[in-house]
Amino acid sequence: MSHPTQQDLDQLLAHVERYFEKPLLNAELRLPNHVVLEVEPGEFTEGVIKIYADAWLNARYLTLLAVDEQSHFSLHLLFLLKSHKVALSIRTKLERTNPVYLALSPSIPAAEWHEREIHDLFGIVPEGGDLRPLVLHRDWPRGEHYPMRRDFNEALTPMIQEVPHQFDMPEGAGRHQVAVGPIHAGIIEPGHLRFSVTGEHIHRFDAQLFYTHKGIEKMSEGQPYLDVLTLAEHVCGMCAFAHSLAFTQAIETLAETEIPKRAVVFRAILLEMERLASHFSDLSAICSAGGFAFASARAAYFRELILQMNQQLSGHRFLRGINTVGGLLKEPSGESLTQALKNLAELGRQFSEWRELVLNTDSFLDRVESSGYLSQETARQLGLVGPAARGSGRDDDMRRDFPYQVHTQLPVQVKVSEQGDVFSRMMVRIEEVEESISQVSRLIATLPGGVSFKPIPEQKLVPDKAVIGIVESAKGSLIHWVMLGEKQQVYRWHVRSAPYMNWRGVVHATMGQNIVPDAPLVNKSFNLCYACADR
Amino acid sequence: MLKLFKMWLKAGQLTTSELQPDMGTATLELEKLNQLTRADRKALGRSLLIRHLDVGSNNAEEAELVALSSPYYDISRFGIDFTASPRHADVLAVTGPVTRQLKIAMERTYTAAPKPCLIVAIGDGACYGKPYGKSYACLGPVDQFLPVDVYIPGDPPSPAEILSGLLACKKLLGQEHLVPGTGAR
């Protein structure tokens with residue numbers, strides 16, 4: 001697996017440069033795989049859209065974020081260029097008074113939520129974009145308090161009031177609305193779902209999320225980077241290790257340091273263990289929503305076995321507190337690895353029986369086939385990631401498309417399924433479970449020797465240099481964007497989780513030809529964490 | 001169908017018998033249920049219905065609550081079950097630090113629950129607001145807003161620890177002069 005060479009990056013830069021009329025304000029090639037451009041504010045949107053449309057570059061939208069740099073705001077857009085396996089950052093400066101830019105979302109719908117979030121939290125206006133509130137609910141007064149600005153005074157946080165959400169729902173004879181949440185009937189996280197129905201048929205569906213929004217990105221400001229690692233592990237319990245990994249890899253990139261091979265292999269093992277736990281939980285939920293109690297209980301049992309292996313390997317069921325900047329805080333014991341190898345072989349055998357059972361139960365297949373259809377085109381436009389995208393025929397997986405650090409140890413066969421229904425998303429997970437079991441077994445068997453921790457050269461943690469960490473979490477690609485300030489404290493930390501991108505997929509998939517009882521099934525076929533999206 | 005039955009029979013009992021929830025007084029081995037004291041037995045005899053209430057959690061506590069209902073722990077063998085509505089709840093199991101945007105929903109859920117209703121704070125977020133602290137959107141630990149009776153700290157607490165805390169709730173509810181909201185750890 002080779003990184004792009006300096007020559008490749010120069011060629012890429014020359015290609016991208018043509019899309020901007022004025023000369024680039026800055027262009028940096030950060031080996032091995034990150035290109036950073038700075039452009040004039042007036043050219044930002046147009047240039048970005050042209051790059052996105054370039055078939056040769058094959059760009060995937062990653063994230064859009066804003067930074068308050070006191071004297072001005074800066075806006076950063078991230079693409080993954082699949083052609084080169086390179087991350088491309090495009091940034092521009094916006095003045096503090098009247099910060100406006102031309103909206104990207106009319107041409108790149110995937111950017112819509114980020115534009116709304118930046119509008120909510122920074123007061124930066126996407127001209128021609130959607131200005132409806134997203135992250136901050138309607139009781140937050142608009143136009144004066146922007147919590148992510150550096151000069152925001154927490155003492156002036158406005159009062160909590162009850163202001164109902166506004167949903168754009170059709171009205172008319174025979175139509176009524178079904179309201180669900182924010183406190184749900186099962187043991188799941190809070191969110192408000194609203195259906196417009198005639199009889200059983202769903203016409204329209206919308207979700208009001210961000211109930212668990214804690215302002216974690218704000219909490220990180222001015223914190224030592226190791227404290228922010230703890231926060232990163234607590235963004236989400238399901239994806240705790242992936243968040244931890246994305247953050248540490250970003251800091252390690254900044255320190256320009258090589259992590260011991262043994263630590264990288266251990267990280268790969270733990271990342272796949274987390275994927276197994278998450279996929280078993282998803283499969284259990286799909287079977288439960290599809291009314292197949294036995295299969296659901298078995299999958300829940302498999303998940304429990306994985307969590308117990310995690311406890312043995314790392315001392316924590318959710319793999320918190322083992323990963324740190326520079327490697328691992330402690331190594332899994334040899335005994336726990338041997339045990340895991342043995343348990344996984346047995347688990348694999350039981351899982352193939354489970355698979356056989358599920359794929360031969362017609363009453364269950366009848367529920368999952370053709371429910372919750374999402375076309376490949378919609379998945380592309382919304383920028384879906386992970387099993388949700390692969391279930392709609394999108395051949396995207398960061399483990400292959402961004403072969404860096406931990407991903408170099410995971411040469412996976414990307415599983416893609418074309419139908420775009422619940423069955424398809426389930427099949428992707430079933431095959432990924434088998435792939436992950438074989439990857440973990442292979443990695444444990446070929447574990448290199450040496451140390452699993454090497455301190456990073458802290459003097460290299462310079463301020464004002466933005467770095468990224470990209471990890472394929474169980475739910476899809478996960479991006480942490482970090483910029484340090486003085487004294488190695490975090491100046492700005494941005495998290496773009498997979499569920500953040502995929503929630504709009506749930507909305508679209510639910511609105512197809514579905515009836516109300518299928519809504520939980522469609523939802524569970526994505527099984528997104530609210531905490532990951534809300535932060 | 002025959003295949004399903006075959007797997008069913010082959011699976012056998014998956015539920016653990018090694019769990020040792022702490023009853024506060026003595027460690028209770030599930031294998032030795034017949035050696036319980038009268039008081040323990042009386043407390044265990046009651047059923048307990050739990051309404052889970054996420055007020056800003058990070059999904060780890062939820063995962064462990066779900067695990068408790070998996071066949072491995074099978075919480076219903078202790079007479080404990082999760083209910084869909086707060087109106088049927090003996091206990092509100094609260095997870096996460098209270099966020100600004102869930103405060104109203106939290107208060108409504110508490111109002112909807114019949115009293116006496118015990119409040120259990122599960123996890124470091126609910127108990128202490130850790131590791132988040134406060135922000136424009138995060139208000140702090142649960143006991144600043146609701147009268148918490150039982151604290152189950154942990155990051156997240158393991159299923160066995162949660163079970164111990166819930167069994168403690170049963171004991172509390174078994175007491176004759178219970179005044180909920182007076183607090184117990």
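As the structure is a prediction and not an experimental result, all values here were calculated from the model.

About the criteria used
Residues numbered from 1 in each chain as written. Chains lettered and ligands numbered in written order. Predicted model: local features only at pLDDT ≥ 70, side-chain atom pairs only at ≥ 80, totals over all residues. Buried ≥ 20, exposed ≤ 12 C-beta atoms within 10 Å, placed from the backbone. Helix = DSSP H or I, 4+ residues; strand = E, 2+ residues; numbered from the N terminus. Contact = placed C-beta atoms within 7 Å. Nonpolar A, V, L, I, M, F, W, Y, C, P; charged D, E, K, R; others polar. Pairing = 2+ DSSP bridges. Axes fitted to C-alpha atoms, helices over the stretch in contact; angles between N-to-C directions. Domains from an automatic or database assignment.

**Here's the deal with helix α3 (residues 60-68) of chain B**
Every α-helix winds through 3.6 residues per turn, so residues three or four apart in the chain are directed the same way.
Link 1 in the chain: Counting buried positions over the nine residues of α3(B) gives nine, a clear majority of the element.
Link 2 in the chain: Looking at α3(B), one finds that the buried residues are B:Ala60, B:Glu61, B:Glu62, B:Ala63, B:Glu64, B:Leu65, B:Val66, B:Ala67 and B:Leu68.

**Let's talk about the interface of chain A and chain B**
A common measure of how large an interface is: the accessible area buried when the components associate.
Link 1 in the chain: On the side of chain B, 43 residues touch chain A, which itself brings 43 residues to the contact.
Link 2 in the chain: Breaking the side of chain A that touches chain B down by element, the ones donating at least two residues are α4 (216-219), α5 (225-233), α8 (293-314) and α9 (334-358) of chain A.
Link 3 in the chain: The class makeup of the residues in the side of chain A that touches chain B is 25 nonpolar, nine polar and nine charged.

**A short note on the sheet that holds strand β2 (residues 34-38) of chain A**
Residue and element names in this part refer to chain A.
Link 1 in the chain: Taken in spatial order, the five strands make up an open sheet running β1-β2-β5-β4-β3, and their pairing is mixed. In the strand order of this sheet, the two ends are held by β1 (26-30) and β3 (59-68), each with one partner. On average, adjacent strands in this sheet sit at an angle of 15 degrees to one another, irrespective of strand direction.
Link 2 in the chain: Inspection of the sheet shows strand β4 (residues 72-81) paired to strand β5 (residues 86-95) by ten bridges, in the antiparallel sense. Residue pairing across strands places histidine 76 opposite arginine 91, the latter belonging to β5.
Link 3 in the chain: Packed on one face of the sheet, helix α1 (residues 6-17) meets β1, β2 and β5 and runs near 30 degrees to β2.
Link 4 in the chain: Contacts from helix α3 (residues 112-122) reach β3 and β4 within the one sheet, and its direction differs from that of β3 by about 5 degrees.

**As for the domain arrangement of chain A**
Residues and elements named next belong to chain A.
Link 1 in the chain: The domains assigned to chain A are domain 1 (6-149) and domain 2 (216-534).
Link 2 in the chain: Spacing between the C-alpha centres of domain 1 and domain 2 amounts to 26 Å.
Link 3 in the chain: On the side of domain 2, 20 residues touch domain 1, which itself brings 20 residues to the contact.
Link 4 in the chain: Elements supplying a minimum of two residues to the side of domain 1 that touches domain 2: β3, β4 and β5.
Link 5 in the chain: Per element, the largest residue contribution to the side of domain 1 that touches domain 2 is six residues, and it comes from β3.
Link 6 in the chain: In the side of domain 1 that touches domain 2, the residues fall into twelve nonpolar, five polar and three charged.

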